[in-house]
Amino acid sequence: MSVLHVLCFSEVSTIMSEQKRVVEKYMEGFRATDHAKILSCLTDDVVWDMPGFFYHEGIKAFDKEIENPNADGNPEITITRLIEEGNIVVAEGTVNAKMKDGGLIDAEFCDVFHFTNGKISKLTTYIMFRK
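A short tour of the structure in this document, coming up. (Residues numbered from 1 in each chain as written. Predicted model: local features only at pLDDT ≥ 70, side-chain atom pairs only at ≥ 80, totals over all residues. Heavy atoms only, no water.)

**Notes on the packing of aromatic side chains**
Each aromatic ring pair is described using two quantities: the centre-to-centre distance and the angle formed by the ring planes.
Stage number 1. Scanning all chains against the criterion turns up seven aromatic pairs.
Stage number 2. Between the aromatic rings of tyrosine 26 and phenylalanine 62, the centroid separation amounts to 6.3 Å while the plane-to-plane angle is 70°, which identifies the pairing as edge-to-face. With tyrosine 26 in helix H2 (residues 18–32) and phenylalanine 62 in helix H4 (residues 59–64), this residue pair connects regions lying 36 residues apart in the sequence. Each member of the pair, tyrosine 26 as well as phenylalanine 62, is classed as buried. (Phe/Tyr/Trp six-rings, centres within 6.5 Å; stacked < 30°, edge-to-face > 60°. Helix = DSSP H or I, 4+ residues; strand = E, 2+ residues; numbered from the N terminus. Buried < 20%, exposed > 50% of the residue type's maximum accessible area, 1.4 Å probe, protein only.)

**As for the pattern of salt bridges**
Stage number 1. Counted according to the given criterion, the structure contains five salt bridges.
Stage number 2. A salt bridge links glutamate 18 to arginine 21; the shortest N-O distance between them is 3.9 Å. Taken together, the positions of glutamate 18 and arginine 21, both in helix H2 and three residues apart, correspond to about one turn of that helix.
Stage number 3. Among the ionic pairs, lysine 37 bridges to glutamate 28, the shortest N-O distance being 3.4 Å.
Stage number 4. Of the residues examined, glutamate 28 reaches a relative accessible area of 38% and is grouped as partly exposed.
Stage number 5. Because the salt bridges share partners, they merge into one network encompassing Asp106, Glu108 and Arg130. (Salt bridge = Lys/Arg side-chain N within 4 Å of Asp/Glu carboxyl O.)

**A short note on the nonpolar core**
Stage number 1. Membership of the largest hydrophobic core comes to 26 residues, with the highest contact counts inside it found for Val23, Tyr26, Met27, Trp48, Phe62, Phe113 and Ile120.
Stage number 2. The leading source of residues in this core is H2, at five residues. (Core = buried A, V, L, I, M, F, W, Y, C linked by side-chain atoms within 4.5 Å.)

Now the structure itself:
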């Protein structure tokens, strides 16, 4: 006889790996536009590559890209999947944001996080705008 055990959220969060916790913290930082929280997740020599949009090296360059000056408030970011293997965590999800000109950002993303000593050392962001 087998017993099916459904994990509640608190049980899931206690078994989440440290690298996935860092990704969650990073996303929380973006949801609140909290530079200090985001930057605390990164190595000093972090690389952020968004093919077709930009390539940044170093924490100062990363910091300048955190918030869109045309945004009206904080983005709504939803993670739909976190997958981990070794020092890599992949996050899939959606991002929605209001813009000052009345426009909206409605996109799906796939972020590939590379870790070094518990911090994000490289991030490749693939994004597809839905509108």
